[in-house]
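Coordinate inspection notes
Residues per chain are reported as follows:
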Amino acid sequence: MIVSDTGMWDETTPTVCTGMRGLAECEIELHGPAQDIHSGSFGGAVPNPATEVARLVAALHDADGRVAVPGFYDGVAEITDTERALFAELPFDEATWLRTAKSQTAAGEAGHSTLERIWARPTAEVNGIGGGYQGAGSKTIIPSSALVKLSFRLVAGQDPDHVQQAVQTWAEARIPAGIRHRITFLPATRPCLTPLDHPALQAVARAMGRAFGQKILFTREGGSGPAADLQDVLGAPVLFLGISVPSDGWHAPNEKVELDLLLKGVETTAHLWGELAAALR
């Protein structure tokens, strides 16, 4: 199965993607008093749902940036030395990457490079947090409710159902008496990864090499898609053949495509059928 919803490293560095991360998402709602109440009359004597949401968020990671949910890393396929070396061949400049990320410094799980963190390691992110009064000026209340929205990017070997259950167990164990809760999960997406030595993947690399006339490097994709489920249904390996580049402005109002690269993708596809036929005889 060939998926073209991926991209290359940049205009001069053709690459083949080997896998995508999975995704699990949830919303945790906490409810305390039946309505907002006066913090002078009741503060310090009843549970505050906004405080408890803050405690949940603070407990999500340990001091080394690892997700602190017990069982979260069960089954994680560790990155191999071979793939780590392949990542190192890419012309990665962290300062340039940070400008793209609109950020001042890199951060994350200790012991891993930036590329490993966004491609080959699972993550937990706070997508949104809220509760209580957030308007201008002061309103000294204990809010009746608060919520947090979380997303978890998953890597090969992780099972979304297991992760969701682990997150629910972890969260419920931290919610104190007097706080009602509701944890809602959205449909999850499974991770997928095609082994570097798979004949079909090597066929894609050869086909792209013929079209671009240079060595092809390998990447992964930090985002998520339905490739793993399609792979199971079809009983076929997933191959990623994308030619878009970061400067195309994916999903932006002025998203574009480079016509020269589009034609190179067409040429790669033409070469690929013969390469696949030879590789999978």
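In case you missed it, the structure is sitting above this.
The structure reproduced in this document is the subject of the present report.

1. Side note on the pairing of strand 3 (residues 22-31)
- With eight of its 10 residues buried, strand 3 lies for the most part within the structure.
- In the sheet, strand 3 pairs with strand 7 (residues 145-154) via 10 bridges, with the strands oriented antiparallel. Residue pairing across strands places Glu25 opposite Ser151, the latter belonging to strand 7.
- With six bridges joining them, strand 3 and strand 8 (residues 180-185) adopt antiparallel strand pairing.

2. Overview of unusual backbone geometry
- At Lys102, a position not held by glycine, the phi torsion is positive, near 55°.
- Checked against the element boundaries, Lys102 lands in the loop between helix 4 (94-100) and helix 5 (114-119).
- Even without a glycine there, the phi angle at His251 is positive, about 65°.
- Structurally, the position occupied by His251 is in the loop between strand 11 (239-240) and helix 9 (259-279).

3. Quick notes on the packing of aromatic side chains
- Counted by the stated rule, this structure contains six aromatic pairs.
- Arranged with centres 6.1 Å apart and planes meeting at 80°, the rings of Trp9 and Trp119 form a pair that is edge-to-face. With Trp9 in the loop between strand 1 (2-3) and strand 2 (15-20) and Trp119 in helix 5, this pair connects stretches of sequence that are 110 residues apart.
- In this structure Trp119 comes out as buried when scored by relative accessible area, which is 9%.
- Seen in terms of ring centroids, Phe72 and Tyr73 are 5.2 Å apart; in terms of plane orientation they differ by 90°. Their pairing is edge-to-face. Like Tyr73, Phe72 is buried.
- By way of ring pairs, the aromatic residues Trp9, Phe87, Phe92, Trp97 and Trp119 are connected into one cluster.

Reading the values: the criteria
- Residues numbered from 1 in each chain as written.
- Predicted model: local features only at pLDDT ≥ 70, side-chain atom pairs only at ≥ 80, totals over all residues.
- Heavy atoms only, no water.
- Buried < 20%, exposed > 50% of the residue type's maximum accessible area, 1.4 Å probe, protein only.
- Helix = DSSP H or I, 4+ residues; strand = E, 2+ residues; numbered from the N terminus.
- Pairing = 2+ DSSP bridges.
- Phe/Tyr/Trp six-rings, centres within 6.5 Å; stacked < 30°, edge-to-face > 60°.

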